Amino acid sequence: MAAWTDISGIRQKIADSSAEEVTASYIDIIGKSKINGFTTLWDEAINVARDIDANSHDGPLAGVPIAIKENISTKGISTTCSSKILQGYVPPYDAHVIERLKEAGAVILGKTNMDEFAMGTSTESSYYGPTLNPWDPSRVPGGSSGGSAAVVAAGEAPVSLGSDTGGSVRCPAAFCGTVGLKPTYGCISRYGLISYANSLEQIGPLATNVADIAAIMEVVAGHDPRDSTSINKENTYIDALAEGVEGMRIGVPEEYLSHGIDEKVEKLVWDSIHTFEDLGASYENVSLPHTRYALAAYYIIAMSEASSNLARFDGTRYGFCAEGDNWHLMASKTRAEGFGAEVKRRILLGTYALSAGYQDKYYLKALKVRTLVKQDFERALANVDVLMGPTMPTPAFRIGEKIGDPLSLYMSDVNTVPINLAGVPSISVPCGFADNMPVGLQITGTHFDEKTIMKAAYNFEQNTEHHKKRPPEVA
Amino acid sequence: MVYDNPDDVKIGLEVHVQLNKLKTKLFCGCSTDYHNSDPNSHVCPVCLGLPGSLPVINERAVEFAIKIGLALNCSIVEQTQFHRKNYYYPDLPKGFQTTQYDYPIAGNGKIVIEGEDGERVIRITRAHMEEDPGRLQHIGNIERSKGTLINYNRSGMALIEIVSEPDMRSPKEARRYLDKLRSILDYLDVFNGDLEGAMRVDANVSVFNGQRVEVKNISSFKGAERALLYEIMRQKNHIRRGGTITMETRHFDEARGVTLSMRTKEEEHDYRYFPEPDLVPLRVADRVPEVIKTLPELPDAKKERFMKEYNIADMHARALTIEIKVANFYEEVVSKVDPKVAAVWVADILKGELNYRDLTIDAFRVEDIVDVMELVIANSITEQSGVEIIRTVLDHGGKPQDIINKKGLLKVEDNIVAKAVEEAIAQNPEAVADYRAGKEKSLNFIVGKVMQKTKGRADAREARERLIEKLKE
Ligand SMILES: [Zn+2]
């Protein structure tokens, strides 16, 4: 029977039995899964767990099973971004975060499903088919890290890694009732993360509780010389969690509670803010005036970068390769057959936005908007400690409901993407249920101040009951 | 004399220089020492463009680039940035080339060349850093190839692209520019020009103030001169027949010595340049003072110093300073022998013999040329023998002294020459009488006799002078 077990619970189980037994029990649960959260299981996982037992590994995550998103390179384990075009690609190297996890003794269970190349909000665009929401299998788990959130919610893994380009960790965390963190840009090395939009994305952890997020962050965060955008900052998080939130100043951006928000979601957000008030915090309304332009700017920048990042998939060196009479035909056919519709749409739009004669109008203008959005956050966060609002404007929608309407799908990222444009850290934490589906509260802080948002999330969690509720079939 | 450039030829050059003296590639730790290695043996996730890999700038490459910029009299930008140049080609593993666009590391420079009518300044527009793609190798010949193999050993090598203004007025000036550039780069010790593909040239050419045509795929300096000669002739003929030159890119077919159209302006790529998000902007201005300290004396400065310090001719000083190795060789030589004599022997004689054999100065030892010169100065051997020794060393090896002994090149002693002169006069009274009667030619006959008697070891000029003296008595 699947159950939510936190890292300290896992460690206790390992002490009582063994890492091997713990890993075996997860493999057993995954074997019975009905949600299509995992794409690949690592056949070495059980051996790794055995070695941890044999060597009495004393790393901070010794024997802790973890699930990894399909776009994070794992040596010897298929890494496909849930795309046909990368079928058969097995990286010859580990991403920086994977190296760190292995050193810390974590046991990689396997890879999790995602929207193809992380381009989506629902995990429906995966080559492996959609992942189902453990709370209601007719609904999406969110995306693009839908697999990573769903397997944690379904008790198939205690913790996982996702990646967040415009909300891809926080959205599925909210939809699946888990905690998910998008760290500050530069906080975690991207070395080995297959790029969708390099200037926006960060790897981030997902877990059933805030303490586990902090535990993973202490292992994976920090400077890596192989990623020029990674920055050397202190990465201790766990100790700060227990500090209270008395005197904390909360800003509530009016723009995040205005357009298209579900009333029940809005009420849950206000209830949450009042909980913080009860804990000694205060709130004030703030404004992020350029939010209305953020979505457009985000999509232009992300698609532009993507159009270039995805150029390397031409069938020449790895992955899927179509037949063609010459190289150009082969490469064209490989791309025509290998990429799904949404990926092609974004490559085409991105190519257009970067083209001579249009670059000024789109890409360069989007960069200017990005600067304005960043300034919005700097101004707002100069007067308050954190910003709070709904992670997603609605609870998880139904599978198939929005996939035919890209624009409405893009619109659901309205609260998450400005944060990636600004590069600030943000966490989604469960704050209640609407129509029996989980809702996430998004807490955003200043650059490299993950401590404060984690502390807020932890205090909220300790003083509410939302995270104690489980999906059906999970104990 | 002023060169009036009758066809209004304008040539600009883009030269790609591979910084093969760096130990590692531009964005990864792979070794640059791949020239004699198996294909795809010097690669890693970064230079293969594997998904998820990220570039990290090679700091030493930045230093080299600043050095080159300074040597070309450029200003160095405060902060530089890399851009992506997007296009598809199988040798390009990422589907884009990481290069510099609107913030090249160096710009607004100039170098001075020996132009058609004296010194000429060629302006350098910019010098920027970029990565080299891999190499395609066709199985069999290119037209009927069974397939193409890709070798990514070269992928990610650091290049500097040096772009000039269209300031050259003839293929000869273009060639001089390339030679000068190579000379400067040689001095900076940033590349080994002898390695394959170390310097690659693209040219743009226009005549009669017309549209410019770009000529690509020039792989040697000789090739550049040929390509330009052909292209100028082609454009002139085309105009003469009533045609107009339109902007296009042409490809130089080295084997046939012709340029062929590749694409017209309408077919030009849109490279969709945008800033490389994986590399942060790089502040370089702060590093300039340190790099300046490492700049060596450059060819022009060295030439000036040679002229002043050694009191040698402009022509000699130039010849001696084109290659740093030759300049260093000369300076070793002048520590032992007279600089003016040394200039003649190194710049004229030795360099001539080396060029004739396509050899570099490495083929000759300083001590050997010093030996030869000392013997000539001491009048122990003739100049001709000196040249012969140099040729023998180059062709067959050996030390000068052994060659002298083996070939019996030592000049015969004075009394022997004197004796031979006396004998020749005594034994050829008719010729002596003719000479005294004013027949200059008869002297040659007597000189010949002297040479015969000394078995050619006498210096002919000396023998002649002695005869004249003797016959005046
Ligand atoms: Zn490499």
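Residues numbered from 1 in each chain as written. Chains lettered and ligands numbered in written order. Predicted model: local features only at pLDDT ≥ 70, side-chain atom pairs only at ≥ 80, totals over all residues. Heavy atoms only, no water.

Caption draft 1: Molecular detail of the sheet that holds strand E4 (residues 83-86) of chain B. Residues and elements named next belong to chain B. What the three strands build is an open sheet, ordered E5-E4-E15; its pairing is antiparallel. Two strands bound the open sheet, and with one partner strand each, they are strand E5 (96-99) and strand E15 (274-275). Across four bridges, E4 lies against E5 in antiparallel orientation. Within the sheet, the bridge partner assigned to Asn86 lies in E5 and is Phe96. (Pairing = 2+ DSSP bridges. Helix = DSSP H or I, 4+ residues; strand = E, 2+ residues; numbered from the N terminus.)

Caption draft 2: Structural context of the interface of chain B and chain A. With 32 residues of chain B in contact, the opposing surface of chain A contributes 37 residues. Carbon and sulfur atoms supply 57% of the area that chain B and chain A bury against each other, a total of about 2700 Å² over both sides. Our enumeration of links across chain B and chain A arrives at one salt bridge. For the salt bridge of B:Asp278 with A:Arg190, the shortest nitrogen-to-oxygen distance reads 2.9 Å. The interface formed by chain B and chain A includes 18 residue pairs in polar contact (both at pLDDT 80 or more). If you list the elements that add at least two residues to the side of chain B that touches chain A, you get E4 and E15 of chain B. Its residues placed into classes, the side of chain B that touches chain A shows 22 nonpolar, five polar and five charged. (Contact = heavy atoms within 4.5 Å. Buried area = accessible area lost by both parts, 1.4 Å probe. Salt bridge = Lys/Arg side-chain N within 4 Å of Asp/Glu carboxyl O. Polar contact = N/O pair within 3.5 Å; in protein donor to acceptor, adjacent residues only side chain to side chain. Nonpolar A, V, L, I, M, F, W, Y, C, P; charged D, E, K, R; others polar.)

Caption draft 3: Main features of the packing of helix H13 (residues 429-436) of chain B against helix H15 (residues 460-472) of chain B. Residues and elements named next belong to chain B. Contact geometry of H13 with H15 gives a least axis separation of 11 Å together with a crossing angle of 80 degrees. Classified by the angle their axes make, H13 and H15 are roughly perpendicular. Contacts between H13 and H15 involve Val432, Tyr435 and Arg436 from the former and Ile468, Lys470 and Leu471 from the latter. Among the residues forming the contact of H13 with H15, the class breakdown is four nonpolar, no polar and two charged. (Axes fitted to C-alpha atoms, helices over the stretch in contact; angles between N-to-C directions. Parallel < 35°, antiparallel > 145°, perpendicular 65-115°, else oblique.)

Caption draft 4: Spotlight on helix H5 (residues 299-310) of chain B. Residues and elements named next belong to chain B. Between the first and last C-alpha of H5 there are 16 Å, a value that for twelve residues agrees with the 16 Å anticipated at 1.5 Å per step. Buried within H5 are the following residues: Pro299, Lys302, Lys303, Phe306 and Tyr310. Here the buried residues of H5 occupy an arc of 105 degrees about the axis, which is enough to place them on one side. The secondary structure elements touched by the buried residues of H5 are strand E7 (118-131), helix H2 (171-188), helix H6 (314-321), helix H7 (324-334) and helix H8 (339-357). Downstream of H5 by a residue or two, Asn311 has a phi angle that is positive, lying close to 55 degrees. (Expected span 1.5 Å × (residues − 1). Buried < 20%, exposed > 50% of the residue type's maximum accessible area, 1.4 Å probe, protein only. Arc of directions from axis to C-beta.)

Caption draft 5: Representation of the nonpolar core within the structure. Core analysis: the largest hydrophobic core is formed by 160 residues, its most contacted members being A:Phe117 and B:Tyr177. A total of nine residues in this core trace back to one element, the largest contributor, which is helix H9 (residues 291-309) of chain A. Both of domain 1 (10-292) and domain 2 (299-407) of chain B provide at least three residues apiece to this core. With residues near it in sequence (within four places) discarded, A:Phe117 still touches A:Cys81, A:Ser83, A:Ile85, A:Leu86, A:Ile194, A:Tyr196, A:Leu310, A:Phe313, A:Phe339 and A:Val343. Among the nonpolar cores identified, the runner-up in size contains 79 residues, and A:Ile72, A:Ile98, A:Leu101 and A:Ile188 belong to it. (Core = buried A, V, L, I, M, F, W, Y, C linked by side-chain atoms within 4.5 Å. Domains from an automatic or database assignment.)

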